[in-house]
Every structure is written in C-alpha cells, then in structure tokens.
Amino acid sequence: MSNPLPPVSSAPLIVVGAAIVNDRGQVLAAQRAEPPALAGCWEFPGGKVEPGESDVSAIVRECREELGVEVELVERLGPDLPLQRDFGVLRVWIARLAEGEPTALEHAALRWLDATELDDVAWLPADAPLIDELRVRLAEWGG
Ligand SMILES: Nc1nc2c([nH]c(=O)n2[C@H]2C[C@H](O)[C@@H](COP(=O)(O)OP(=O)(O)OP(=O)(O)O)O2)c(=O)[nH]1
C-alpha cells in the first residue's frame, strides 16, 4: 500500500555567511533591512543553504544576489553557531573579493570595519563569538 503522505524533511537549516576581508585589514558588515525584528542589526552577507546546494555555492550565490560581487572563500571563521530564531546553525567563512565592489542590493547599508571598529555596530546576537575571533585576525592582517 502506498503512503499518501510526502516524506518529512529532516534537513537542518544551515545559514552561511561571508566575512569579506580586504587588503587593509577591514571586514564588510551589512545592515539588515528586514524582517522588522532584525532590521538595523548587522551581519555577514549570506543566507540559507538551499536543498541540494553546497555551503560554498550558497555563499557565492548570496554574495552575487546581495552585493553584486564574486567572492573566493579562504577558510572557516569559528565553529558552527546555534541560531535560536531559526533552529539552525550559522557557518561563516573568511572570504576575499574576486570581482566587483560591494553594493547594498538587499541591505540597508554596508560598512568596512577595522579591528578597532568591530564594536561600532550592533551585530546579530549569534555572531558574537565570531566577532571576538575576527578582531584578532584583522589586527594581524591590518598590520
Ligand atoms: N546572513 C546572515 N544571517 C545571519 C547572521 N547571523 C544570524 O543570526 N543570521 C540569521 C538571520 C536570519 O534569521 C537567518 C538568515 O536568513 P535570511 O532570511 O537572511 O536568509 P535568506 O537570505 O536565504 O533569505 P530568504 O530568501 O529565506 O528570505 O540567519 C549572519 O551573520 N549572516
């Protein structure tokens, strides 16, 4: 007998983000425009990994969609972090710009921040451990 119910997806929600770093030791922060509960907070450009998509493909796609740039991933930044709001995890990579200048196509604003400026913006709460690690890395790269 066939089962009339569709299979229930158990795939965990994965959100990927790009900590895009430039040659001056700055990272690109992006201010959310929506939803209202998150608007005004700052994040790493990125978004949800779609079914069948790799993490890397998702980051490249999101950076095209949100910033109009091509990025190359360098290495992971920090561990998977819990996302309470979405019951998933956040995975962030350090990335470099390969082509284009970032434009806020979906965000309210963009800012390049150096190691001393990371606390100047209100990051989404899940990102806090990454900001501490990034501070050390940017200070090294910024000379
Ligand atoms: N991109 C990104 N999302 C983050 C970060 N930190 C954090 O808590 N989040 C959360 C905010 C959102 O609840 C979720 C990302 O969802 P999203 O709505 O931006 O994903 P998406 O671009 O695929 O959007 P959609 O097509 O589903 O509307 O992850 C971060 O640094 N970058």
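None of these values were measured; they are calculated from a predicted model.

Criteria and cut-off values
Residues numbered from 1 in each chain as written. Predicted model: local features only at pLDDT ≥ 70, side-chain atom pairs only at ≥ 80, totals over all residues. Pairing = 2+ DSSP bridges. Helix = DSSP H or I, 4+ residues; strand = E, 2+ residues; numbered from the N terminus. Core = buried A, V, L, I, M, F, W, Y, C linked by C-beta atoms within 7 Å. Buried ≥ 20, exposed ≤ 12 C-beta atoms within 10 Å, placed from the backbone. Contact = placed C-beta atoms within 7 Å.

**Q** How would you summarise the sheet that holds strand S2 (residues 27–31) if you had to cite specific residues and measurements?
**A** Reading across the sheet, the three strands line up as S3-S2-S7 and stay open at both edges, with antiparallel pairing between neighbours. The outermost strands of the open sheet, each flanked by one partner alone, are strand S3 (42–43) and strand S7 (109–113). Pairing between S2 and S3: two bridges, direction antiparallel. Residue pairing for S3: Ala 30 is matched across the bridge by Glu 43.

**Q** Any details on the nonpolar core? Residues and values, ideally.
**A** In this structure, Ala 18, Ala 19, Ile 20, Val 27, Ile 59, Val 71 and Trp 93 are the most contacted members of the largest nonpolar core, which totals 32 residues. Sorting the residues of this core by element identifies strand S1 (14–20), S2, helix H1 (55–67), strand S5 (70–83), strand S6 (88–99) and helix H2 (128–142) as the ones contributing at least two each. Excluding residues within four positions of it along the chain, Val 71 makes contact with Ala 18, Ile 20, Ile 59, Val 60, Cys 63, Ala 95, Arg 96, Leu 97 and Ala 98.

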